[in-house]
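Fold and contact review
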Amino acid sequence: MRFDARTIEAINACLRLFLGRVDQLHTGVFLLIVPLLLIVAGAAVLAVVVVAAAFFLVAGALGVILVARRAINAAATHSAAARAVTT
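Overview of the structure. (Residues numbered from 1 in each chain as written. Predicted model: local features only at pLDDT ≥ 70, side-chain atom pairs only at ≥ 80, totals over all residues. Heavy atoms only, no water.)

Let's shift gears to the overall build of the protein. Of the regular secondary structure elements, the protein holds two helices and zero strands. Taken across its 87 residues, the protein has 1% of its residues classed as buried. A total of about 8000 Å² of accessible surface is found on the protein, and carbon and sulfur atoms cover 75% of it. (Helix = DSSP H or I, 4+ residues; strand = E, 2+ residues; numbered from the N terminus. Buried < 20%, exposed > 50% of the residue type's maximum accessible area, 1.4 Å probe, protein only. Areas by Shrake-Rupley, 256 points an atom, 1.4 Å probe, with all protein chains shown as cover.)

Further remarks concern a nonpolar patch on the surface. A grouping of I11, L15, F18, L19 and L37 is seen on the molecular surface, where their side chains present a nonpolar patch of about 460 Å² in accessible area. Looking at the nonpolar patch element by element, the count peaks at four residues for helix α1 (residues 5-23). Among the structural elements, L19 can be located in helix α1. (Patch = residues over 30% accessible without salt bridge, like charges linked within 9 Å, V, L, I, M, F, W, Y side chains within 5 Å. Salt bridge = Lys/Arg side-chain N within 4 Å of Asp/Glu carboxyl O.)

Below, the structure written as structure tokens:
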């Protein structure tokens, strides 16, 4: 993913604005905001991990279903095949 210079400058300006405002806050409020930001970031990371795990589980389940269908079809073909009659 590539960003152009204007996008990077806009992100830097937002960060500077936010950090400048946080620096002016009272120390107690600052100590409340930093853990809150860490909790929000952790929740976002956890959400991404949960979505990735769900995707992995769905893909695995679909793989198992496809293999089972293939085995069932092979068994049906084998049982329907004409066999030589022995006496």
